[in-house]
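Spelled out from the first residue to the last, the chains are:
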Amino acid sequence: MRHILPIWSLDDLASHQLITFTPSQRLSWTFYKKDITAQVIPTSMVKVNNSHAILNAALAGLGIVIQPKVLLDADIKAGRLIQLLPDWELGKKPLSMIYYQDQHMTPRTRSFINFALTTFGQ
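Residues numbered from 1 in each chain as written. Predicted model: local features only at pLDDT ≥ 70, side-chain atom pairs only at ≥ 80, totals over all residues. Heavy atoms only, no water.

Caption draft 1: Main features of the packing of aromatic side chains. Tallied over the entire structure, the rule returns one aromatic pair. With a centroid separation of 6.4 Å and 40° between ring planes, the pair formed by Phe112 and Phe115 is classed as tilted. Taken together, the residues span about one helical turn, with Phe112 and Phe115 both in helix H4 (residues 107-120) at a distance of three residues. (Phe/Tyr/Trp six-rings, centres within 6.5 Å; stacked < 30°, edge-to-face > 60°. Helix = DSSP H or I, 4+ residues; strand = E, 2+ residues; numbered from the N terminus.)

Caption draft 2: The confidence of the model for the chain, seen in detail. On average, the chain scores 81 in pLDDT, and the residues at 70 or more come to 88%. No element of the chain has a lower mean pLDDT than helix H1 (residues 10-14), which averages 76, and none a higher one than helix H2 (residues 51-59), which averages 91. For residues 1-5, every residue scores under 50 in pLDDT, and the model assigns this stretch seven contacts once sequence neighbours within four places are set aside. (pLDDT = per-residue confidence, 0-100. Contact = heavy atoms within 4.5 Å.)

Caption draft 3: Spatial organisation of a nonpolar patch on the surface. On the surface, Leu95, Met97, Tyr99, Phe112, Phe115, Leu117 and Phe120 cluster together into a nonpolar patch covering about 730 Å² of accessible area. Along the chain, Tyr99 turns up in the loop between strand E5 (89-90) and H4. (Patch = residues over 30% accessible without salt bridge, like charges linked within 9 Å, V, L, I, M, F, W, Y side chains within 5 Å. Areas by Shrake-Rupley, 256 points an atom, 1.4 Å probe, with all protein chains shown as cover. Salt bridge = Lys/Arg side-chain N within 4 Å of Asp/Glu carboxyl O.)

Caption draft 4: Structural view of unusual backbone geometry. In the Ramachandran plot, Lys34 falls in the positive-phi region, its phi being about 55° despite a non-glycine side chain. Among the structural elements, Lys34 can be located in the loop between strand E2 (29-33) and strand E3 (36-40). For Lys34, a relative accessible area of 83% corresponds to the exposed category. (Buried < 20%, exposed > 50% of the residue type's maximum accessible area, 1.4 Å probe, protein only.)

Caption draft 5: Spotlight on the pairing of E2. Sheet analysis places E2 next to E3, joined by five bridges and oriented antiparallel. Bridging from a neighbouring strand, Trp29 pairs with Val40 of E3. Hairpin connection of E2 to E3: two residues between the antiparallel strands, including Lys34 at a positive phi of 55°. One ladder, built from two bridges, connects E2 with E5; its direction is antiparallel. If you follow Tyr32 over to E5, its bridge partner there is Glu89. (Pairing = 2+ DSSP bridges.)

Structure representation (structure tokens):
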């Protein structure tokens, strides 16, 4: 059985091994709770450039990750991962789509754009 160290606050988070996404220029993780904004500067032990590798590293017990909940939900529900600091939220990241807009856009492309706008748009 793997020993899990308790995380009670953001200060505790800074002292744990974190798994970070390599191409990211993010120098800190920003958390929000009501009117409070707090930052943690990760001192990562593991850096990867693929979301599946981040998940596998977390499942192997190599550290703590920040990933979209939809990617971690099944493992959280199965008890393989634990959500830490549920009272805190992360900042939203922008999503950009670049496409050539013309009269001949395929239905598949239009469908994906509509899906993304509906799912992730505000």
